[in-house]
Amino acid sequence: MTELEPRVKRVVTGLGVGEHFEYWGYPVEKIVELDWWDSFDLAILENGQYNKDWSLIHTMPEYLGKEI
């Protein structure tokens, strides 16, 4: 997590999880904590599970553009 911090623009997470990111050195300004029960727009992209054995539950890189 600490190695990723310089590459992360914003962390969107559930309430109470932001303190973990603070512990790992993420600036408070990058952390957004939301109550998942509130209504908000959120887009979630795949994050690297590219094993062909997992193609039924994860998007392979060649199909990601079609899903966006």
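Here the residue numbering is sequential within each chain, running from 1 through the sequence in written order. Local features in this predicted model are restricted to residues of pLDDT 70 or higher, and side-chain atom pairs are both shown and tallied only at a pLDDT of 80 or more, whereas totals for entire chains, interfaces and linings draw on every residue. Computation of side-chain values: all heavy atoms of the structure, hydrogens and water removed.

Summarise the side chain of E5; cite the residues concerned and give the values.
Structurally, E5 is set in the segment before β1 (11-14). Excluding its chain neighbours within four sequence positions, the residues that come into contact with E5 are G25, Y26, P27 and K30. The helix count covers DSSP runs of H or I at least four residues long, the strand count covers runs of E at least two residues long, and both are numbered beginning at the N terminus. In what follows, residue pairs with any heavy atoms lying within 4.5 Å of each other are defined as contacts.

Describe the packing of aromatic side chains, naming the residues involved and giving the relevant values.
The description of two aromatic rings rests on the distance between their centres and on the angle between their planes. Only Phe, Tyr and Trp rings are paired, with Trp represented by its six-membered ring, and only when their centres lie within 6.5 Å; those with planes under 30 degrees apart are stacked, over 60 edge-to-face, the remainder tilted. Per the stated rule, a full pass over the model turns up 2 aromatic pairs. On the basis of an interplanar angle of 90° and a centroid distance of 5.4 Å, the ring pair of F21 and W24 is categorised as edge-to-face. Exposure classes here rest on a 1.4 Å probe applied to the protein chains alone. A residue is buried below 20% of its type maximum, exposed above 50%, and partly exposed in between. For F21, a relative accessible area of 12% puts it in the buried group. Ring centres of F21 and Y26 lie 5.2 Å apart, and the angle between their planes is 85°; this geometry places the pair in the edge-to-face category. For the pair shown, F21 and Y26 are each scored as buried. Members of the aromatic cluster, joined through ring pairs, are F21, W24 and Y26.

Report on the environment of V17, specifying residues and quantitative values.
Inspection of the secondary structure puts V17 in the loop between β1 and α1 (18-23). Overall, V17 belongs to the partly exposed group, its relative accessible area being 31%. Spatially, the C-alpha atoms of V17 and L34 are 9.7 Å apart, while their sequence positions differ by 17 residues.

How would you explain the pairing of strand β2 (residues 31-34) if you had to name every residue and give the values?
Remember that side chains alternate between the two faces of the sheet whenever the strand is regular. Pairing between strands is defined by DSSP: at least two bridges between them are needed. Inspection of the sheet shows β1 paired to β2 by 4 bridges, in the parallel sense. Paired with V12 across the bridge in β2 is V32. Assignment of crossover handedness uses the view with strands pointing away from the viewer, where a clockwise path from the first strand over the helix to the second indicates a right-handed crossover. Between the parallel pair β1 and β2, the chain is carried across by α1, and the sense of this crossover is right-handed.

Residues and numbers for a nonpolar patch on the surface, please.
The residues that make up patches have over 30% relative accessible area and no salt bridge, and they are joined within 9 Å when like-charged or within 5 Å when they are Val, Leu, Ile, Met, Phe, Trp or Tyr. Accessible areas in this description were obtained via Shrake-Rupley with a 1.4 Å probe; residue shielding takes into account the shown protein chains only. What counts as a salt bridge is simple: a side-chain nitrogen of Lys or Arg found within 4 Å of a carboxyl oxygen of Asp or Glu. A cluster of nonpolar residues, M1, L4, Y23 and W24, forms a patch on the protein surface that exposes about 460 Å² of accessible area. On the secondary structure map, W24 appears in the loop between α1 and β2.

Provide a residue-level description of the pattern of salt bridges, including the pertinent values.
Summed over all chains, the structure comprises 1 salt bridge. For the salt bridge of K30 with E5, the shortest nitrogen-to-oxygen distance reads 2.6 Å. Of this pair, K30 sits in the loop between α1 and β2 while E5 sits in the segment before β1, placing them 25 residues apart in sequence. Note on accessibility: K30 and E5 belong to one class, buried.

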